[in-house]
Structures are given as structure tokens and as C-alpha cells.
Amino acid sequence: MAEPVVCLRDVRKAFNLGLANETEVLHGIDLTLARGEFCAVMGPSGSGKSTLLNIVGLLDRPTSGSLRIGGEETGALDDHALTRLRGHSIGFVFQYHNLLAGFTALENVMMPMLGDATFFNDGMAQRAAALLDSVGLSNWRDSRVTELSGGQQQRVAVARSLAMAPPLLLADEPTGNLDTKSADAVFELLRKANRDHGMAVLFVTHNPLLSARCDRIIRVVDGRLER
Amino acid sequence: MSRWMPFEWIVALRFLREGRMQTLFIVAGIAIGVAVIVFMSALLTGLQSNFIRRVLTAQAHIQLLPPKEVARPLGPVRAAGGGPLEDAIIQAPLQRLKSIDQWQTLAAQVRAMPEVAVVSPIASGSALVIRGEASRAISVIGVDPALYFRIVALPEKMVRGTTRLTPSDILIGTDLASDLGVAVGDKLRVSAAGGGDQTLAVTGLFDLGSKPANQRTTYVALRTAQSLLGLVGGVSAIDVTVKDIYAAEAVAQRITAANGVQADSWIATNAQFFTAVQAQKTSNTAIRFFVALSVAFGIASVLVVSVVQKSREIGILRAMGISRGQVLRVFLLQGGLLGLTGSVGGSSIGLVALLLWQRYALNPDGTPLFPLAIEPGLFVASLLLATLTGLAAAFAPALRAARLDPVVAIRG
């Protein structure tokens, strides 16, 4: 059996460790995400969804438990190794697109490749342009991202998340601020990337219509998974 | 965007461009600071080298003199009772004009020293110059023109006539010529205190740039002076120039230690001038230090603000796999670029200011007040200083940026 893209075992996360106000927000999460799986994450606000995503995205470390990305145990990795693994293995799409305001759409998509010596080559611009084409923004590649609509910006963010061809995509409420049509378009882009490239997707959403179109739904309630 | 620029350059340049007003103001601030450093340094260096040039074109780097005469009591002076006589007065002897003992051997030894450039024997003393009813006290300097004019550039100071010095010639200052009413070709009678007396022909008039010097100084051939002053075959001093003017004092001390003669370097005889130079250097260094400090604080404050403004972007970049080291370099580069750009501007402003100074700060005769030292090394040093200051100033903000927690930064 192929190694899962993500594997969490008894992951716990507490804040203010050792202080009087120590709070555990994730209580022993077990989760496995196989290659090509599109998984919706639902749950009320404050339930720990974003914390879970930050830990899976290697932006934060669990207090205890095991996290394996692409079969690699991450607990013992230093910051440099985590950064490298994150850059190569994980694409992010945030709720507030989080593009770099001073750059064009093309530059934003190129940015992960620019920062990585193995991707830094003549083909970067062509690859970024092709990704923008794939999200329907070929005419906007040289526009500043601030000149684009919210839906367009989120499509640029999707294109950027695919730049390094990561095996895992983390989408934290990417449709939360979009109208229905744009939300649907962004969801379809993620679905397409999942189908075409076999990426595993962890898709945080409050929208039951979109979650219903995912392969699997997990619910986070009070820091625990409800299946 | 150029595909060829490394990531750090692209992001650093774009961040600077995005905050263009901040960038513009800090670059202007750095430029003004660097311009002040360049202008002041060139001005002070020019002033110093001008002083040194003026001093050293009129005197030797080292002058060797015979040892001073000291009173030597023949034995302990006894009181009537046989004990030592207290409060005995030992009177300092008069310093007679005398020759340096074995001067030719000494001159040869000094000439053989690798640091020495020119050695010129001199016979000098006081005399009276007489023309008709008028007489003036003068200082007669007997020189070997071939050697002496390599030490004191007298040919450059000639205003009339030539520097020819045969045994019957004399060169006098313009003010003495005016006082006595003589011109080139006229004869003068010169009488020394020791009884020597000669009639000499004026072959040239010089201007040493000082009225007292022009009234008193005269040059004759070495043999003429020896004869006039009663120093036949002897010399009263040996003038020496060295290859490194700042090594003069050390060379003088070595000569004294080896030969027992009195050796006065130009550094020792112009101690006040050196104190003034040192004071100038200290004040210049202090000004440079405080300007560099203000530039550093300016750059640091702009970058601290930039880190706060860009923390979200930094978080996004970190999420995309950009390392702490890359973030650190982005901000260090910004500091270095601000310093470099400001110093290029500042060097240009400084250069323009120096050229304007050279053009408009003139003597009444239209010549520059003093020649300025506009050396490429000064500009290179300013560029390096400002760039390194920029890098150093950027370090703390860059470290702060690199240490940002991406989760906190993205959340804002």
C-alpha cells in the first residue's frame, strides 16, 4: 500500500504551555490522507480547524504526537528542513488569498519557484503563465494583484499553490469570502488539480454544498475529530 | 521582473520600490550625510597637505646641527671650609657659530641611509648688507645650489633674474631689494660680524610669501658663505630630506643616536602644527562617526517600520517555503542597497560641492584658496562605509523579520 501523504497520530496542541492559562486545543488527533484524496474539514469556529491545518502545513509544531508528511517523520526536523519540506510538499490557499500586493499575478505564481534553487530556471515564467492559463487568468498575468477582483485573486492563489507541484494542498476556507459563482469556480479548480495531478487536498469549509462534493468529510469539534 | 535576479534581490528591490517615499527620504538623508563626510574629508585633507607642502617647500625635513655648547665646571667648587659650595651659579655659554665636526663623513653616512633622499650642507649666519647710506641685517645662507634647490624649491619662487650662484653672486628677497632700492645686476656689500666682507652681485629676486623672510633671507654660494662667516671648509648645518616625510622624526633620532649631532625634524620643529592637524583629524573622525551613526539609525528605523508593514508578506513567503536565511538576506540587502544608493548620491553631491568650492573659493589673485584633495579613494571609502553601515543597521530588523512566526504574521 502506498505511503499516505499525511499521517497524524495522537497529535495534541496546547498553547501557553506551563502557564496557569495553558489551553489544549487539539486533543489527540488521528488522521490519514491518501494520495488523490479530497477531504473536507468542517466544524464550528474555534474548534481547532486552523490550528490543525497549521500543524499539517508545518507552520506550527504539535505539542505531542506524530506527524508524517509523505512518509517523513517531521518531529525531529529543524526549521530549515521543515521549511524545505513545506516548500516542496505543501501548497497553501488561504481565506484571504494572501498574495504579495506589490507584485503581478505572474510574479506571485512564480514566487515559490524563485525562492527554490531547484526550481529557479528559465522555465519558471512559462510554468507560471501556464498555471495562470489553467485558472483562466491568461489576460491578467501582468496585472498587479490589487487590480484583480476577489475571485480572480483567489484563482491566482490557487495557481500559486500549484507552482511547486506539491503532493498536498491545504485550503483554509478559500471560498469563505467569495460569491457563490466565484466560490464554485475556485472549488472546481482545486478539484481539477486533485483529479489531474493526484494531489491530496485538505479543504476547510463551512459550506455544506461544497463539502458534499468532497471524497470525505471530517468534523472537528472541540479539538477532536468526529467521524 | 528579471528572471535572472536571485529571489532576495527581486523581493528587496520590490519592497524598497513599494515604500518609495520612505526609501526616497532615507536615501536623501544618507546622501546628505555622505556628502558632508566627502566634502569635509577632502577639505581637511587638502588643508593639511597644503600646510605640509608650504612648510616643506621652505625647509628641510631634518636639519643636522653641531651639538650645543654646555658649561663644564672643571671640578667641584669648594667653600672656604672645604665643603661643597651651595647655590653655585653655572652660566650657560654663548652658542658660537661653529662647524659640524667631520661634516663630510657625517654627510656621507646620512646620504647612505636608505630613507634619505637629499643631503645638502649649509653655512649660514648673520651679516649686514650695505648699499650707500642704507644697511640691513640679513641672514646669509650659503648653499650648493644643485643640492639645496632639491630641498627648497627656490627656482619656483623667483620673480626676477636667475638662481645662478657663482662665488660673487647673491639672491635676495623682493622686500630687501625694495628697501635697498636694488635690482638684478646691482652690487651689494655684505659684512659679517666676524670681519668677512664681500661685494656681491644680485642675480635674482625671490618671493618666499612672507615679508620678514623676504627682508632677511639671502642666498650665496657655499664657499662665499664659508669665507664671509669665517667657517672655511666647514658647515653650520646639514639639510636632509627623507623619502617618507612622516618618518623624519624617527630618522632624525637614529642620526642623533649614531653620530651625536643635534638632528631637528620638521615634525619636532612644527609641533604646534601637528597638534592642530591631530585636532582636525579627531574632529573629522568624530563628525564621520556621528554622521555614520545617524545614517545607521535612519536605515534601521526605516527597516523596522518595513518589517512591521511587511510582516504579512513575510509570513506568506515563509509559508511558501522561503527560509529564515532568505528573509534575513532580503532585509540585509535592503539596508545595503539604501547605503549604497545614498552614498552614490552623497558622493556626487560632495563632488559637486568640492568643484564649486574650487571654483568660487579663490585668493584675491584668482588662484584657488588651496588645492583640494579629490581622490578616488575617498569616494570608494565613503561607498564602502555607507554600504557596510547599511548592512550593519539592517541586521537587527532583518533578524526580527527572519524570526517572525509565520502563523502570527499571516494572521496579522
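Everything quoted here is computed from the prediction, not taken from an experiment.

**As for the overall build of chain B**
- Helix and strand counts for chain B come out as 15 helices and 10 strands.
- Its C-alpha atoms give chain B a radius of gyration of 33 Å, clearly above 22 Å, the size a compact globule of 412 residues would have.
- Here the C-alpha coordinates of chain B stretch approximately 105 × 70 × 40 Å along the principal axes.
- In chain B, which comprises 412 residues, the proportion classed as buried is 45%.
- In chain B, once contacts between residues fewer than 6 apart in sequence are set aside, the share between residues at least 24 apart is 77%.
- Accessible surface computed for chain B: about 20800 Å², of which carbon and sulfur atoms make up 61%.
- Separation between the mean location of the 36 positive side-chain charges and that of the 24 negative ones in chain B comes to 12 Å.

**Brief notes about the packing of helix α11 (residues 271–309) of chain B against helix α13 (residues 324–360) of chain B**
Residue and element names in this part refer to chain B.
- At their nearest, the axes of α11 and α13 sit 11 Å apart, and the two run at 140° to each other. In this structure, α11 crosses over α13, and the sense of that crossing is right-handed. The segment α11 lies against α13, with Ile299, Leu303, Ser306 and Val307 engaging Phe331, Gln334, Gly335, Leu338 and Gly339.
- When its residues are assigned to classes, the contact of α11 with α13 shows 5 nonpolar, 4 polar and no charged.

**Some thoughts on the side chain of Asn270 of chain B**
- Take Asn270 of chain B: it is sitting in the loop between α10 (266–269) and α11.
- Contact partners of Asn270 of chain B, with chain neighbours within four places excluded, come to Val55 and Gln59 of chain B.

**So, the packing of aromatic side chains**
- Tallied over the entire structure, the rule returns 11 aromatic pairs over all chains.
- Look at Phe92 of chain A and Phe94 of chain A: their rings are 5.5 Å apart centre to centre, the planes differ by 0°, and that puts the pair in the stacked class.
- Look at Phe94 of chain A and you get buried, because its relative accessible area is 10%.
- Measuring from ring centre to ring centre gives 6.1 Å for Phe39 of chain B and Trp357 of chain B, while their planes differ by 75°; the resulting arrangement is edge-to-face. You can see Phe39 of chain B sitting in helix α2 (residues 20–56) and its partner Trp357 of chain B sitting in helix α13, a full 318 residues away along the chain.

**Overview of the pairing of strand β9 (residues 216–221) of chain A**
All names here are of chain A.
- Of the pairings in the sheet, the one linking strand β3 (residues 38–42) to β9 comprises 4 bridges and is parallel in character. Within the sheet, the bridge partner assigned to Ala40 lies in β9 and is Ile217.
- One ladder, built from 3 bridges, connects β9 with strand β10 (residues 224–226); its direction is antiparallel. Each residue of the ladder has a partner; that of Val221, found in β10, is Arg224.
- Connecting β9 to the antiparallel partner β10 that follows it, the hairpin turn spans 2 residues, and Asp222 within it adopts a positive phi of roughly 50°.

Rules behind the numbers
Residues numbered from 1 in each chain as written. Chains lettered and ligands numbered in written order. Predicted model: local features only at pLDDT ≥ 70, side-chain atom pairs only at ≥ 80, totals over all residues. Heavy atoms only, no water. Helix = DSSP H or I, 4+ residues; strand = E, 2+ residues; numbered from the N terminus. Rg over C-alpha atoms; globule rule 2.2 N^0.38 Å. Buried < 20%, exposed > 50% of the residue type's maximum accessible area, 1.4 Å probe, protein only. Contact = heavy atoms within 4.5 Å. Areas by Shrake-Rupley, 256 points an atom, 1.4 Å probe, with all protein chains shown as cover. Lys, Arg positive; Asp, Glu negative; His and termini not counted. Charge placed at Lys NZ, Arg CZ, Asp CG, Glu CD. Axes fitted to C-alpha atoms, helices over the stretch in contact; angles between N-to-C directions. Left-handed = near helix turned anticlockwise from the far one by under 90°. Nonpolar A, V, L, I, M, F, W, Y, C, P; charged D, E, K, R; others polar. Phe/Tyr/Trp six-rings, centres within 6.5 Å; stacked < 30°, edge-to-face > 60°. Pairing = 2+ DSSP bridges.

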